[in-house]
Amino acid sequence: MSVFSDLVGQEHAIEELSRAARAARGIATGFHDDATAVTSEADPLAFGVSAMSHAWLLTGPPGAGRSLAARAFAAALQCTEEEPGAGECAQCKAVLGNNHPDVTWLTTDLVTIKADEVREYVASSYQAPSSGTWKVFVIEDADRMLPRTTNVLLKAIEEPGPRTVWILCTASVADVLPTIRSRTRNINLVTPSPEDIARLLVEREGADPERALVAAQAAQSHIGVAKALATDPAAAAVRKKTLDAVVGIRTTGDAVLAAMVLTDLDAMRGSEGAKSDEEAVEKEIADRLAAMGLEAGARVPAALRSQVKAAGVDSKRRATRHRQDLIDRELIYMMSFYRDVLVTQLEAQVSLVNADYASAISRIAADTTPSTTLVRIDALGEARERLRGNVAVQLLMEAALVELRER
């Protein structure tokens, strides 16, 4: 089974990445055959294989499979089979299993990626691979790098290590600085069809075909969200609670009550028995103290106070990001619902995203006008923008949902 098998509807990207992996093998042969090539001044493109680059920018809409493409490409670069990316060798399996020593993932569950993290990886990028052919660094959500963080990475991309490949993932080329954009090779992924996503869920996850299609449509072809909706009852419950709340809004009081329900993260946690954000922060700090040999509540030595303080700050930032992501997902579900209302009002010949709410969509479409629907979609979109500005989520949600009441 090819390492690219999970990339749904990305034939062009697969072809280009496969071609690059084959070219990389020729470059690697030059490294192994010519000892002088393995120097900090070595340029991979000096071997005349233009299909390969030391820096890649994988772009595409959320859920198109950017991370999957990065992992598959990393596996193909390390592959030892006759055809790169066959998926059967130990190197491929190690990469796909996230335990290859020469493939490093830089991701964050905080709001931004820190410059110190990137600086650490830049320093190690000039070291030779330990067991594979290439050292591969994948930066997920490259748009979460602040300009000063990006500048740390710039030197490594301008003057890369001879056996190093950087892979940056983000939604659009506009998300990274022009200096980075001009030094990377861009591959843009497209949105796969719901049918392709549903087929993958049936084959890989054993999902019920009908439920898989509903999940793929509701997720708007976002692979990760579709998988969660089809296989995780808690994730499906979040969507149902969100859309049920929207359908039930008729008055301002209904909107305020719905906002309370949808911002109660303890009830919308996503898994049974999950801790609240405050409890999670406290537990993480307690774990950090235990790792330092300290008990909770004990006096922290002066030499360790900065580390404990940093752990607390990171925990709070992590909780903030989790909260923002969950509220944003709810707003996306609501926008997709009113997208369906608008489609119905305009009698457009396209499929509904929320086909399982067809009757409610038809009722609201008949009772309102397209202009009203557009106002509601704009209100939800504005709420998503405000969310990025750390506005109080309760007020943000109330302001958005009040616009959804009957007029």
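Residues numbered from 1 in each chain as written. Predicted model: local features only at pLDDT ≥ 70, side-chain atom pairs only at ≥ 80, totals over all residues. Heavy atoms only, no water.

## Looking at the pattern of salt bridges
Enumeration according to the criterion identifies 13 salt bridges in this entry. As a salt-bridge pair, Glu159 and Lys155 come within 3.2 Å of each other at their nearest N and O atoms. On the basis of relative accessibility, which here comes to 48%, the residue Glu159 falls in the partly exposed class. In this structure, the salt-bridge partner of Arg199 is Asp196, at a minimum N-O distance of 2.3 Å. A residue pair is termed a helical-turn pair when its members lie 3 or 4 positions apart in one helix, as Arg199 and Asp196 do in helix α7 (residues 194-205) at 3 residues. (Salt bridge = Lys/Arg side-chain N within 4 Å of Asp/Glu carboxyl O. Buried < 20%, exposed > 50% of the residue type's maximum accessible area, 1.4 Å probe, protein only. Helix = DSSP H or I, 4+ residues; strand = E, 2+ residues; numbered from the N terminus.)

## A few points about a nonpolar patch on the surface
Taken together, the side chains of Leu257, Met260 and Val261 make up a nonpolar region of the molecular surface, amounting to roughly 270 Å² of accessible area. Its place among the elements puts Leu257 in helix α11 (residues 252-262). (Patch = residues over 30% accessible without salt bridge, like charges linked within 9 Å, V, L, I, M, F, W, Y side chains within 5 Å. Areas by Shrake-Rupley, 256 points an atom, 1.4 Å probe, with all protein chains shown as cover.)

## Here's the deal with the nonpolar core
One recurring pattern in soluble globular proteins is that nonpolar side chains are buried together. Counting 48 residues, the largest nonpolar core has Leu331, Met334, Phe337, Tyr338, Met397, Leu401 and Leu404 as the members making the most contacts within it. Looking at this core, the element that brings in the most residues is helix α13 (residues 302-345), giving 8 residues. Those residues in contact with Leu331 that lie beyond four places of it in its chain are Leu380, Ala383, Arg384, Leu396 and Met397. Membership of the second largest hydrophobic core comes to 37 residues, among which are Ala64, Ala74, Cys79 and Cys169. (Core = buried A, V, L, I, M, F, W, Y, C linked by side-chain atoms within 4.5 Å. Contact = heavy atoms within 4.5 Å.)

## Here we look at the sheet that holds strand β1 (residues 55-59)
An order of β2-β3-β4-β1-β5 is seen for the 5 strands of this open sheet, with the pairing classed as parallel. On the outer flanks of this sheet lie β2 (103-106) and β5 (185-188), each paired with one strand and no other. Put simply, the sheet's adjacent strands are angled 20 degrees from each other on average, direction ignored. Pairing of β2 with strand β3 (residues 135-139), which is carried by 4 bridges, proceeds in the parallel orientation. Considered in β3, the bridge of Thr104 is made with Phe137. Across the sheet, helix α4 (residues 115-124) is in contact with β2, β3 and β4 (164-170); its angle to β2 comes to roughly 165 degrees. Its contacts with the sheet put helix α5 (residues 147-158) on β1, β3 and β4, and the angle it makes with β4 is roughly 135 degrees. (Pairing = 2+ DSSP bridges. Axes fitted to C-alpha atoms, helices over the stretch in contact; angles between N-to-C directions.)

Shape descriptors only; they carry no functional weight alone.
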